[in-house]
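Descriptive analysis of the structure
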Amino acid sequence: MDLPAGHILILSGHPGSGKTTCAEALAYLPGGPKVHLHSDDFWGYIKTGKIDPWLPESHGQNQMIMQIAAGVAGSYARNGYFVALDGVIRPWALPKFAELGLPLHYIVLRTSVEEAVARCQARGGDSLTDPAVVAALHAEFADLGAHENHALTVGGLNRADTMDVLQAALASGRYRLNAPSTSTTGSGPALRT
């Protein structure tokens, strides 16, 4: 299966769910042009005045970053790339991407909290390793409300099996947020859940 040009996949989930690894692997699949956008990089560009994105006072900054990420993803997609954007992207950010009027998919990877903490601590380096923060972010994805049908459980799977499950999920179309527009008014597709 080749990934469709001009589509954007928001690959989300708690830290340690495998979203960055999978998004990068998708971008390296053979076929048409693909790009991997790692949303953490957008926060990393802030050198002075950055607020850790999991803190309550970071909401305005987080909204700005999602607007920037949507703009970059949209530019790549409009130029014929399949875009795999990974990050801790909650449902509140989806309208910023829906406004692009481009085919949009939302998949939230899930593992157990124990697996998430273990994976994060095994990474080391400058990665998030604080078990309390990882557990708190894990809890934020435990109930996605109206977007619960966009969760994909990958706990206990190795990398190859996770990629197989993810590619099957994309191919199914079940995780698409918007349908192609049938309107001739120029408005983009409506967000659906």
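Now for a quick tour of the structure. The model shown is predicted, which means the values in this text are computed figures rather than measured ones.

1. Re the overall build of the chain
Helix and strand content of the chain: seven helices and five strands. Along the chain, helices (α) and strands (β) appear in the sequence β-α-β-α-α-β-α-β-α-α-β-α when read from the amino end. Relative to the 2.2 N^0.38 estimate, which gives 16 Å for 193 residues, the radius of gyration of the chain is 16 Å and therefore close to what a compact globule would have. With respect to the principal axes defined by its C-alpha atoms, the chain has extents near 50 × 40 × 30 Å. In the chain, which comprises 193 residues, the proportion classed as buried is 44%. Across the chain, every contact between residues at least 6 apart in sequence was considered, and the portion connecting residues at least 24 apart equals 74%. Carbon and sulfur atoms form 55% of the exposed surface of the chain, whose accessible area is close to 9,200 Å². Computing the positive centroid from 14 side-chain charges and the negative centroid from 17, the chain places the two 6 Å apart.

2. Digging into the nonpolar core
Soluble globular proteins: nonpolar side chains tend toward being buried together. Ranked by size, the top nonpolar core spans 31 residues in total, and within it Ile8, Ile10, Met66 and Phe97 carry the most contacts. Elements that contribute at least two residues to this core include exactly strand 1 (8-13), strand 2 (34-38), helix 2 (40-44), helix 3 (59-78), strand 3 (82-87), helix 4 (94-98), strand 4 (104-110) and helix 6 (131-140). Residue contributions to this core peak at six residues, all from helix 3. Setting aside residues no more than four positions away along its own chain, Ile10 makes contact with Leu85, Ile89, Leu94, Phe97, Leu104, His105, Tyr106 and Ile107. Core analysis: the second largest hydrophobic core is formed by 17 residues, Leu3, Ile107, Ala169 and Leu170 among them.

3. With respect to the pattern of salt bridges
With the rule as written, the count across this model stands at four salt bridges. Here Lys34 and Asp2 are joined by a salt bridge, their closest N and O atoms 3.1 Å apart. A residue pair is termed long-range when its members are at least 10 positions apart, and Lys34 in strand 2 and Asp2 in the segment before strand 1 qualify at 32 residues. Note that Arg119 and Glu115 form a salt bridge whose closest N and O atoms lie 2.8 Å from each other. With a gap of four residues between them, Arg119 and Glu115 both fall in helix 5 (residues 113-123), about one helical turn apart.

4. Side note on the layout of surface pockets
In this structure, the largest pocket occupies an estimated 1,000 Å³ of space. In terms of lining residues, the largest pocket is bounded by 36 residues, among which Lys19, His38, Asp40, Arg123 and Leu128 are the most central. Elements that contribute at least two residues to the lining of the largest pocket include exactly helix 1 (19-27), helix 2, helix 3, strand 3, helix 5 and helix 7 (159-172). Residues that form the lining of the largest pocket fall into these classes: 13 nonpolar, 13 polar and ten charged.

Conventions adopted
Positions within a chain are numbered from 1, following the residues in the order the chain's sequence is written. Thresholds applied to this predicted model are a pLDDT of at least 70 for local features of residues and 80 or more for the giving and counting of side-chain atom pairs; totals over whole chains, interfaces and linings are not thresholded and use all residues. In computing side-chain properties, one takes all heavy atoms of the structure into account and sets aside hydrogens as well as water. The way it works is that DSSP assigns letters per residue, a run of H or I at least four long becomes a helix, a run of E at least two long becomes a strand, and they are numbered from the N terminus. All radius of gyration figures rest on C-alpha atoms, and the globule criterion is 2.2 Å times the number of residues raised to 0.38. Working definition: with a 1.4 Å probe on protein chains only, accessible area under 20% of the residue-type maximum means buried, over 50% means exposed, and in between means partly exposed. The contact rule is simple, with two residues in contact once any of their heavy atoms fall within 4.5 Å. Accessible areas in this description were obtained via Shrake-Rupley with a 1.4 Å probe; residue shielding takes into account the shown protein chains only. Positive charges come from Lys and Arg alone, negative charges from Asp and Glu alone, with His and the N- and C-terminal ends not counted. The atom standing in for a charge is NZ when the residue is Lys, CZ when it is Arg, CG when it is Asp and CD when it is Glu. Take the buried residues of types Ala, Val, Leu, Ile, Met, Phe, Trp, Tyr and Cys, join any two whose side-chain atoms come within 4.5 Å, and each joined set is a nonpolar core. Just to be clear on terms, a salt bridge is a Lys or Arg side-chain nitrogen sitting within 4 Å of an Asp or Glu carboxyl oxygen. Grid points spaced at 1 Å over the protein atoms alone were grouped into cavities, where a 1.4 Å probe fits but cannot get out, and pockets, open sets with protein on both sides within 12 Å along at least five of seven lines, with lining residues defined by an atom within 4 Å of a point. Grid points are joined across faces, edges and corners, and a volume is the space filled by probe spheres set on the points. Residue type decides the class: Asp, Glu, Lys and Arg count as charged, Ala, Val, Leu, Ile, Met, Phe, Trp, Tyr, Cys and Pro as nonpolar, and the leftover types, Gly among them, as polar.

The quantities given are spatial measurements derived from coordinates; they are silent on function.
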